[in-house]
Amino acid sequence: MSDKSTDQYAVIGNPIGHSKSPLIHGKFAETTAQDLVYTAIEGPLDGFSAAVDAFRAAGGLGLNITAPFKLDAFRYATDLTERARRAGAVNAMKFEGDRAYADNFDGVGLVRDIVHNLACPLQGQRVLLLGAGGAARGALLPFMEQHPARLVIANRTLDKAQGLAASTEGPLAACSYAELVGQEFDIVVNATSASLRAELPPVPASVFAQARLAYELAYGKGLTPFLRLAKNAGVQQLADGVGMLAEQAAEAFAWWRGVRPGTQSVIQTLTIPLM
């Protein structure tokens, strides 16, 4: 039971009923002995700013932002980190006086899950990133900071992939799905929304010939068409986005509270077998 002295945090999205963030942050607060409550807010599709203003007026200290409000949060923020600027989207804010500080921990959470939890280094690896939307934008800078040998962005709309590749320095390339034929990679990451519709991005199975990891950003969907293709192609290590979800949440929690919670128990609780 909370009172006015209990710090208030929340996640805002629409729809929001499916969000695991209250469960995750509740566990984080319990394990780190932080006095806070964390709720879910279904923001009106055309009323993001008003909903955030109301939350702040009621004493709210920080928000996670999920679909479809990450661009709204980018515009709302008064202070953006370089990560958030480069991603063009925001997934966490904290409020101090009239300032709304904003960051994007999606890519950081993804990299930590791959490198730390899955013990799969990105350094020196050939990485394929499918998709050029917001999820790919958020992942790009954290990926490049790991110094892969090569990173290729594949997208249905080639100029969108080319624009994303041109936004960051390093061994980056962009191509269409058709141009992937004959190319091989060590790590393949699906950052498209295809799996949310139980669809398969038009990626040739040959990209998995030498792959050690296939990573699906969607979570809780089991063996998606993308992961099934990778499994049938012989990829031994398959993962969905549960670890990324937990790790980005831990980054936001540490940013707000100054203490970073462990993530393993949350990951174990939320993991659905990839069968």
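This text goes with the structure placed above it.
Residues numbered from 1 in each chain as written. Predicted model: local features only at pLDDT ≥ 70, side-chain atom pairs only at ≥ 80, totals over all residues. Heavy atoms only, no water.

What follows deals with the environment of Thr31. If you trace the backbone, Thr31 turns up in helix α1 (residues 21-32). As a C-alpha pair, Thr31 and Ile272 span 241 residues in sequence and 23 Å in three-dimensional space. (Helix = DSSP H or I, 4+ residues; strand = E, 2+ residues; numbered from the N terminus.)

As a further point, take the side chain of Ser176. Structurally, Ser176 is set in the loop between β9 (172-175) and β10 (187-190). Judged by relative accessible area, Ser176 falls into the buried class, the value being 18%. (Buried < 20%, exposed > 50% of the residue type's maximum accessible area, 1.4 Å probe, protein only.)

Okay, the sheet that holds strand β6 (residues 99-103) next. The six strands lie next to each other as β2-β1-β3-β5-β6-β4, forming an open sheet whose pairing is mixed. Lying at the two open borders of the sheet, with one neighbouring strand each, are β2 (36-42) and β4 (79-80). Here two bridges tie β4 to β6, and the two strands are oriented parallel to one another. Of the residues in β6, the one forming a bridge with Leu80 is Ala102. The sheet strands contacting helix α2 (residues 48-57) are β1 (7-13), β2, β3 (60-65), β5 (92-96) and β6, and the helix crosses β3 at an angle near 145°. Sitting on the sheet, helix α9 (residues 242-257) is in contact with β1, β2, β3, β5 and β6, with an inclination near 10° to β5. (Pairing = 2+ DSSP bridges. Contact = heavy atoms within 4.5 Å. Axes fitted to C-alpha atoms, helices over the stretch in contact; angles between N-to-C directions.)

Here we come to the layout of surface pockets. Here the largest pocket defines a volume of roughly 1,400 Å³. Lining the largest pocket are 48 residues; nearest its centre among them are Thr66, Ala67, Lys70, Ala135 and Leu196. Among the secondary structure elements, those contributing two or more residues to the lining of the largest pocket are β3, α3 (70-76), α6 (134-144) and α9. Residues of the lining of the largest pocket, tallied by class, amount to 21 nonpolar, 18 polar and nine charged. Here the second largest pocket is characterised by a volume of approximately 220 Å³. (1 Å grid on protein atoms, 1.4 Å probe; cavity = no way out; pocket = protein on both sides within 12 Å on 5 of 7 lines; lining within 4 Å. Points joined across faces, edges and corners; volume = space filled by probe spheres on them. Nonpolar A, V, L, I, M, F, W, Y, C, P; charged D, E, K, R; others polar.)

Okay, helix α8 (residues 225-232) next. Along α8, the positions that sit buried rather than exposed are Phe226, Leu227, Leu229 and Ala230. With its buried residues spanning 155° around the axis, α8 presents them on a single face. Of the surrounding elements, those touching the buried residues of α8 are β7 (126-130), β10, β11 (213-216) and β12 (237-239). (Arc of directions from axis to C-beta.)

Per the counting criterion, the structure on display carries 12 salt bridges. Across the salt bridge formed by Glu82 and Arg86, the nearest N and O atoms sit 3.5 Å from each other. Of this pair, Glu82 and Arg86 both sit in helix α4 (residues 82-87), four residues apart, which is roughly one turn of the helix. For Glu82, a relative accessible area of 40% puts it in the partly exposed group. The closest approach of N and O atoms between Asp186 and Arg126, which form a salt bridge, is 3.0 Å. On the criterion of sequence distance, the pair formed by Asp186 in the loop between β9 and β10 and Arg126 in strand β7 is long-range, its members being 60 residues apart. Connected via shared salt-bridge partners are Arg112, Glu247, Glu251 and Arg260. (Salt bridge = Lys/Arg side-chain N within 4 Å of Asp/Glu carboxyl O.)

Residues Leu110, Ile114, Phe143, Leu151, Ile153, Val189 and Tyr215 are the most contacted members of the largest nonpolar core, which totals 27 residues. For this core, the secondary structure elements donating two or more residues are α5 (106-117), β7, α6, β8 (150-154), α7 (158-166), β10 and β11. At five residues, α6 tops the list of elements feeding residues into this core. Those residues in contact with Ile153 that lie beyond four places of it in its chain are Leu129, Gly131, Ala132, Leu140, Ala161, Leu164, Ala165, Leu172, Ala173, Ala174 and Cys175. (Core = buried A, V, L, I, M, F, W, Y, C linked by side-chain atoms within 4.5 Å.)

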